[in-house]
Amino acid sequence: MTAEPLPEHPDFLWRTPEPRSSYDVVIVGAGGHGLATAYYLAKNHGITNVAVLEKGWLAGGNMARNTTIIRSNYLLDASAGIYEHALKLWEGLPEELDYDFLFSQRGVLNLAHTLQDVREGVRRANANRLNGVDAEWLDPDEVAKVCPILNVSPHTRYPVLGGTFQPRAGIAKHDHVAWALARRADEMGVDLIQGCEVTGFLKDGDRVVGVETNLGRIHAGRVGLAAAGHSSVLAERAGVRLPVQSHPLQALVSELHEPVHPTVVMSNHVHVYVSQAHKGELVMGAGVDTYNGYGQRGSFHVIEHQMAAAVELFPVFARAHVLRTWGGIVDVTPDASPIIGATPVENLYVNCGWGTGGFKATPAAGWTFAHTIATGRPHPLNAPFALERFTTGALIDEHGAAAVAH
């Protein structure tokens, strides 16, 4: 059957077929990573007998609740490799998908407020350049030239001592990205099935051979989990315990304003980011709430304190009115880096633990996860992010090393 056209996109018809009894691959989660995985399974590997199962609606989870920020200025080699691959894919995706999802390379500025911030920022900028990632260290005067509305006075509570700047970074409209990937996957024969909740797994000994859903049993040669915030819950139903915790993450937007904010500004010290969307809304967000939870909401004091810091950095926004707030659920691993690869259960693969880095990694996560599922072997870019690193000790510790984690 064909649903009503999506808002603002009357030419995009979203079909929800009845699930077939068997597929070569089942992907659980129709967010950015699930849709990108299906797209690259079809495009790169010729595997089109694929179903993407979503318990709600297309991209209705974290994909609709993210920061929209895209960047690759991470410290460690493995992180720089996969995020820079993602950024290079982002740069060609609008043309490849024939869809304008408003990818804007306006740069990302990460502020330093303490001497330790300065040391870390300079170190990260140097590491970026060694990995071929564009990065600059800016002093306060140069910061003010990049973002004139930012308060760089030395007399503020959080004085700006400088910052790192990645010119190729930017933002994209998250729901458009999902629709673009979904349309292409749909055209190549992938089944995108809404309202289909996975409640368990079909197993033959130690092998997964399908999934139990509210729409019935679906057999599968391979199953990939890409359900942000809930992958650990699903994996446990298959007998796999993942080293992942789920936390709320909050953000808000203002009413529309004339374009005044030329870039994206982030501060690790106060855990806040500020950008301006294409329509004119100010997009502001906080760090993760410290408690574990699966509710798409967060503690008021967290967002209150971080918005107070944002107003100190941007006095021009002091009288802006909040239009809406929301919360997402992020998976966090012990080393703040994702898990992409096989599990101890045969035919079951997982892509999770991205923390607040999931949206920016969307195309590379899909590219590498599709490779791993199709070939049974990790891609060189996701090999370091295997589950085994938590027993071997080969961690990829990005805690605080990549500026604010968004």
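The model shown is predicted, which means the values in this text are computed figures rather than measured ones.

Remarks on the environment of S21
Alright, step 1. Mapped onto the secondary structure, S21 falls in the segment before β1 (22-28).
Alright, step 2. Sequence separation of S21 and G327 is 306 residues, and the distance between their C-alpha atoms is 35 Å.
Alright, step 3. If sequence neighbours within four positions are ignored, S21 has contacts with R217, I218 and H219.

Remarks on the sheet that holds strand β5 (residues 136-138)
Alright, step 1. Strand order in the open sheet made by the 8 strands is β5-β6-β4-β13-β14-β15-β12-β16, with mixed pairing throughout. Two strands close off the open sheet at either side, each with one partner strand: β5 and β16 (322-332). Taken over all neighbouring pairs, the strand axes of this sheet differ in orientation by 20° on average, direction set aside.
Alright, step 2. Relative to β16, strand β12 (residues 245-256) runs antiparallel, the two being bridged by 10 bridges. Within β16, the residue paired with V253 across the bridge is R324.

As for the layout of surface pockets
Alright, step 1. The calculated volume of the largest pocket comes to roughly 890 Å³.
Alright, step 2. Looking at the largest pocket, it is lined by 46 residues, and the ones nearest its centre are G61, N62, A227, A228 and G229.
Alright, step 3. Of all the elements in the fold, those that place two or more residues in the lining of the largest pocket are α1 (32-45), α6 (231-237), β16 and β18 (348-352).
Alright, step 4. For the lining of the largest pocket, the leading source of residues is β16, giving 4 residues.
Alright, step 5. Split by residue class, the lining of the largest pocket holds 18 nonpolar, 22 polar and 6 charged.

Quick look at the packing of aromatic side chains
Alright, step 1. On inspection of all chains with the given rule, the structure shows 8 aromatic pairs.
Alright, step 2. Ring centres of Y74 and Y83 lie 4.0 Å apart, and the angle between their planes is 5°; on these two criteria the pair is classed as stacked. Across the pair, Y83 and Y74 agree in class, each one buried.
Alright, step 3. On the basis of an interplanar angle of 90° and a centroid distance of 6.0 Å, the ring pair of Y83 and W354 is categorised as edge-to-face. In this pair, Y83 is assigned in helix α2 (residues 77-97) and W354 in the loop between β18 and α8 (362-375), connecting sequence segments 271 residues apart. In this structure, Y83 and W354 share a single accessibility class: buried.
Alright, step 4. Aromatic rings pair up to connect W90, F101, F103 and F359 into one cluster.

Structural notes on the pairing of strand β13 (residues 264-267)
Alright, step 1. Where burial is concerned, the two faces of β13 agree: the one with V264 and M266 and the one with V265 and S267 are both buried.
Alright, step 2. Looking at chain direction, strand β4 (residues 108-112) and β13 are connected through 4 bridges and run parallel. Paired with L109 across the bridge in β13 is V265.
Alright, step 3. Both β13 and strand β14 (residues 272-276) contribute to a ladder of 3 bridges, which runs antiparallel. Its bridge partner being in β14, S267 is matched across the sheet by V272.

Let's talk about the nonpolar core
Alright, step 1. Membership of the largest hydrophobic core comes to 52 residues, with the highest contact counts inside it found for W90 and F101.
Alright, step 2. Among the elements of the structure, β1, α1, β2 (50-53), α2, α5 (174-187) and α8 are those that each provide at least two residues to this core.
Alright, step 3. Among the elements that take part in this core, α2 stands out by supplying 9 residues, more than any other.
Alright, step 4. Contact partners of W90, with chain neighbours within four places excluded, come to I70, F101, F103, A172, V177, F359, K360, T362 and P363.
Alright, step 5. Judged by nonpolar contacts, the second largest core, of 28 residues, contains V28, V208, A238 and L387.

Considerations on unusual backbone geometry
Alright, step 1. The phi dihedral of T68 falls on the positive side, at around 65°, and the residue is not glycine.
Alright, step 2. Relative to the elements of secondary structure, T68 occurs in the loop between β2 and β3 (69-70).
Alright, step 3. Residue classification places T68 among the buried residues on the basis of a relative accessible area of 12%.
Alright, step 4. One non-glycine residue, H271, lies in positive phi territory at about 50°.
Alright, step 5. Turning to its location among the elements, H271 is positioned in the loop between β13 and β14.

Cut-offs applied
In this convention, every chain numbers its residues from 1, walking through the sequence in written order. Owing to the predicted nature of the model, reporting of local features is limited to residues with pLDDT of at least 70; listing and counting of side-chain atom pairs is limited to 80 or more, with chain, interface and lining totals taken over all residues. The side-chain quantities take in all heavy atoms of the structure and omit both hydrogens and water. Runs of E in the DSSP output that reach at least two residues are strands. Runs of H or I that reach at least four are helices, and both are numbered from the N terminus. The contact criterion used throughout is that any non-hydrogen atoms of two residues lie within 4.5 Å. A pair of strands is labelled paired if DSSP reports no fewer than 2 bridges between them. An axis is simply a line fitted to the C-alpha atoms; with a helix, the fit covers only the stretch in contact. Between two such axes, the angle follows the N-to-C directions and lies from 0 to 180 degrees. Cavities and pockets were defined on a 1 Å grid built from protein atoms only: a cavity is a group of points that admits a 1.4 Å probe but offers it no way out, a pocket is an open group of points flanked by protein on both sides within 12 Å along at least five of seven lines, and a lining residue is one with an atom within 4 Å of any such point. Grid points are joined across faces, edges and corners, and a volume is the space filled by probe spheres set on the points. Residue classes follow a fixed rule: Ala, Val, Leu, Ile, Met, Phe, Trp, Tyr, Cys and Pro count as nonpolar, while Asp, Glu, Lys and Arg count as charged, and any other residue, Gly among them, counts as polar. For Phe, Tyr and Trp, where Trp contributes only its six-membered ring, two rings pair if their centres lie within 6.5 Å, and the inter-plane angle classes them as stacked under 30 degrees, edge-to-face over 60, or tilted in between. For the exposure calls, accessible area comes from a 1.4 Å probe over protein chains only, and a residue counts as buried if that area is under 20% of its type's maximum, exposed if over 50%, partly exposed in between. The set of buried Ala, Val, Leu, Ile, Met, Phe, Trp, Tyr and Cys residues whose side-chain atoms join them within 4.5 Å is what this entry labels a nonpolar core.

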